[in-house]
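# Topology and contacts: notes
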Amino acid sequence: MTDERAKTVGVISDTHGELDVRAVDALAEAGVDVIIHAGDVGGSRILLDLEAVAPVVAVRGNTDHGPWAADLPDTARVAVNGVRIEVAHAATPSSSPDGAEVIIGGHTHVPAIVRRRGALYVNPGSASHPRTRDGVPSIALVHVARHGDVRARIVSL
C-alpha cells in the first residue's frame with residue numbers, strides 16, 4: 001500500500017460480535033484506506049460489514065473460535081507508505097517491534113497511544129465493550145504520511 005499520498009488506517013478491536021454503527025460511520029467519514037481489526041472480532045459478519053468501508057486485515061483474538069475464525073492469523077504485518085505495522089491481539093507497549101514502526105494491539109478494551117523503543121503502540125480500545133471510566137466505545141485512526149511520518153489519535157464514539 002504505497003503511493004504518493006498520505007494514508008489513513010482505521011483501527012478497531014474487541015467488537016465481540018457487535019459492530020456499533022458509529023464505528024462504521026467514523027471509519028467511513030475518515031476515508032480510511034485500510035481497516036485493521038486487532039482481534040476478538042466475534043463473527044465473520046463484523047469483517048464483512050467493515051469490508052464495505054475498506055479492505056480489512058484482521059487477527060484472531062482470544063475469544064475468536066470456531067470455523068469462521070480458523071483462517072484468521074494470530075499476527076499480521078502490513079506496510080502502509082513504507083511504514084511497517086505489526087498486529088497482534090495481546091500486543092503491549094513492551095512488545096518487541098521486530099523492525100515495525102507501528103504496533104497495534106487490543107485485548108485490554110482500554111485505548112492507548114504510546115511511543116516506546118522507536119515504535120508507536122496503538123490500542124483502539126473497544127468499539128463495543130469499553131473498560132474505561134466513562135464507558136465510551138472507541139476506535140483509532142493512524143495517519144501515515146507519504147514520507148513515513150506516523151501519527152495516531154483515539155476517536156471516541
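Turning next to unusual backbone geometry. Unusually for a residue other than glycine, Asn 81 sits at a positive phi of about 50°. Among the secondary structure elements, Asn 81 is positioned in the loop between β4 (75-80) and β5 (83-88). Phi at His 109 takes a positive value of approximately 65°, unusual for a residue other than glycine. By secondary structure assignment, the location of His 109 is in the loop between β6 (102-104) and β7 (111-116).

Either a parallel or an antiparallel arrangement is found when strands of a sheet pair, and the pairing is made through backbone hydrogen bonds. Spatially, five strands are ordered β4-β5-β6-β8-β7 in an open sheet, and the strand pairing comes out mixed. Single-partner strands in this sheet number two, and they are β4 and β7. Averaged over all neighbouring strand pairs, the angle between strand axes comes to 20°, with direction disregarded. Note: β5 against β6, three bridges, orientation parallel. Across the sheet, Val 87 pairs through a bridge with Ile 104, a residue of β6.

The side chains of a regular strand alternate, residue by residue, between the two faces of the sheet. Going residue by residue along strand β2 (residues 34-37), you find Val 34 and Ile 36 tucked away on one face and Ile 35 and His 37 tucked away on the opposite face as well. As judged from the four bridges shared by strand β1 (residues 7-12) and β2, these two strands associate in the parallel manner. Residue pairing for β2: Val 11 is matched across the bridge by Ile 36. Note: β2 against strand β3 (residues 56-58), three bridges, orientation parallel. Residue pairing for β3: Ile 35 is matched across the bridge by Val 56. Crossover handedness for the path β2 to helix α2 (residues 44-51) to β3: right-handed.

Cut-off values and rules
Residues numbered from 1 in each chain as written. Predicted model: local features only at pLDDT ≥ 70, side-chain atom pairs only at ≥ 80, totals over all residues. Heavy atoms only, no water. Helix = DSSP H or I, 4+ residues; strand = E, 2+ residues; numbered from the N terminus. Pairing = 2+ DSSP bridges. Axes fitted to C-alpha atoms, helices over the stretch in contact; angles between N-to-C directions. Buried < 20%, exposed > 50% of the residue type's maximum accessible area, 1.4 Å probe, protein only. Right-handed = clockwise from strand over helix to strand, strands pointing away.

So, to be careful, I would describe these as geometric facts and stop short of saying anything about function.
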